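Okay, here's what each chain looks like letter by letter:
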Amino acid sequence: MRRLRFNGTGSGGGGCPGIHEDLDTGEVIVHGPPVADQSDVAQLQHLDEGEVAIIVPRNTLIDFGPRDETPTLIDAEDEFDRLFATFKHTAWRLETRRRYASDEATPEWQQFAAGRPIEWDYDDSWCRNVRAQTEQGKRFERVRLVDSPATPAQMYLRSNAVRNCAVGEDIRNLGRSEANRLHLPDEDFWLFDSRLVARLLFDEADNLTGAELITEPAAVNRYCQARDAAWHYAVPYEEFKVDET
């Protein structure tokens, strides 16, 4: 039996025509409405017995056909930060990790680890940019996976969500078991304007080292599908019940 991956469809109703890709052979399977007019069929060359001609809009092949496009690697500094000022409509994040080393290097983490109230800075560069972008009607959204029981880093980010949402983000949580049921990718990424994916790269010590930029349409479409599934089932952070035991 083939292992098929759905790449996408040009149908607004979610039907055909559609394109699937064989994960083992790389072959592409296309389905759509047949060419029924026999005068049209007669014009087709090399149509052998048992074969069926189908109609596929050109844009479907352009948008969802596999391509050999190598992702672009960028560092974790200026190039990555620039994406958050240049996107046009939406910046969406899936956070899947149980720990982020960068968090533990902050004064806020030290306050959290000591059991003290966290004194968040509401006017740092991130908050200023979120305000500036959301005032233009753009959206910052995240889904953060939470284990059962939650890790210390996940509990810290729950407090962080209070600050980030106060300046304009929309942050929601999803249990890891639910994420597994939905077959969400086990990787962190930002999705900008449903057309550019920045897949985040970490070293063995949980430090962010850079990002892999993905623009190949079929690949981006899969991340869009993951976003839609995660966002549908995720719960606003203030309503999500965290298991701390």
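A short tour of the structure in this document, coming up. (Residues numbered from 1 in each chain as written. Predicted model: local features only at pLDDT ≥ 70, side-chain atom pairs only at ≥ 80, totals over all residues. Heavy atoms only, no water.)

## Some thoughts on the layout of surface pockets
How we decide: In this analysis the probe radius is 1.4 Å and the grid spacing 1 Å, with only protein atoms considered; a cavity is a set of points the probe fits into but cannot get out of, a pocket is an open set with protein on both sides within 12 Å along at least five of seven lines, and lining residues have an atom within 4 Å of a point. Grid points are joined across faces, edges and corners, and a volume is the space filled by probe spheres set on the points. Helical segments are the DSSP runs of H or I of at least four residues, strand segments are the runs of E of at least two, and each set is numbered from the N terminus. Residues were grouped as follows: Ala, Val, Leu, Ile, Met, Phe, Trp, Tyr, Cys and Pro as nonpolar; Asp, Glu, Lys and Arg as charged; and all remaining residues, including Gly, as polar.
In this structure, the largest pocket occupies an estimated 970 Å³ of space. Residue assignment for the lining of the largest pocket shows that the elements contributing at least two residues are helix H3 (78–86), strand E5 (90–95), helix H5 (125–134), strand E6 (139–146), helix H6 (152–166) and strand E9 (196–202). With 5 residues, H6 is the single largest residue contributor to the lining of the largest pocket. Here the lining of the largest pocket is composed, by residue class, of 13 nonpolar, 6 polar and 12 charged. The space that makes up the second largest pocket amounts to roughly 300 Å³. Sorting the residues of the lining of the second largest pocket by element identifies strand E1 (4–9) and helix H8 (217–233) as the ones contributing at least two each. Sorting elements by how many residues they give to the lining of the second largest pocket places H8 first, with 6 residues. A class-by-class count of the residues in the lining of the second largest pocket yields 8 nonpolar, 2 polar and 3 charged.

## Considering the sheet that holds E9
As a reminder, the rule being used: The criterion for strand pairing is that DSSP finds at least two bridges linking the strands in question. Any two residues whose heavy atoms approach within 4.5 Å are treated as being in contact. Here an angle of 0 to 180 degrees is reported between the N-to-C directions of two axes, which are lines fitted to C-alpha atoms, with helices fitted over the stretch in contact.
The strand order across the open sheet built from 8 strands is E4-E10-E9-E8-E5-E6-E7-E11, with neighbouring strands paired in mixed fashion. Here the strands that pair on one side only, and so sit at the sheet edges, are strand E4 (72–75) and strand E11 (235–236). Across 4 bridges, the pairing between strand E8 (residues 189–192) and E9 is antiparallel. Note on E9: the bridge partner recorded for Phe-192 is Leu-196. Strands in contact with H5 are E6, strand E7 (169–175) and E8; relative to E6, the strand with the most contacts, it is inclined by about 125 degrees.

## Topic: empty space enclosed by the protein
A full pass over the atoms with the stated rule returns 1 cavity of 30 Å³ or more. Approximately 140 Å³ is the volume attributed to the largest cavity. Forming the walls of the largest cavity are 18 residues, and the residues nearest its centre are Arg-144, Val-146, Gln-154, Leu-157 and Asn-173. Counting only elements with at least two residues in the lining of the largest cavity, the list comes to E6, H6 and E7.

## Here's the deal with the side chain of Asn-160
Selection criterion: Polar contacts, as used here, are pairs of N or O atoms within 3.5 Å; protein pairs need one atom able to donate a hydrogen and one able to accept it. Residues neighboring in sequence count only if both atoms are side-chain atoms.
In this structure, Asn-160 sits in helix H6. Among the polar contacts made by the side chain of Asn-160, one reaches the side chain of Arg-144 at a distance of 2.9 Å. When sequence neighbours within four positions are dropped, the list of residues in contact with Asn-160 reads Trp-120 and Arg-144.

## Points about the pattern of salt bridges
Selection rule: The term salt bridge refers to a pairing of a side-chain nitrogen on Lys or Arg with a carboxyl oxygen on Asp or Glu at a separation within 4 Å. Burial here depends on accessible area, computed with a 1.4 Å probe over protein chains only, as a share of the maximum for the residue type. Under 20% is buried, over 50% is exposed, and the range in between is partly exposed.
According to the stated counting rule, one finds 21 salt bridges in the structure shown. Ionic pairing is found between Glu-169 and Arg-142, a salt bridge with its closest N-O pair at 2.7 Å. With Glu-169 in strand E7 and Arg-142 in strand E6, the pair connects residues that are 27 residues apart, well separated along the chain. Judged on exposure class, the residue Glu-169 and its partner Arg-142 are both buried. For Asp-228, the salt bridge goes to Arg-227, with nearest N and O atoms at 3.1 Å. Owing to a relative accessible area of 46%, Asp-228 belongs among the partly exposed residues under this scheme. What you see here is one network of salt bridges that share partners, running through Arg-93, Glu-95, Arg-142, Arg-144, Glu-169 and Asp-188.

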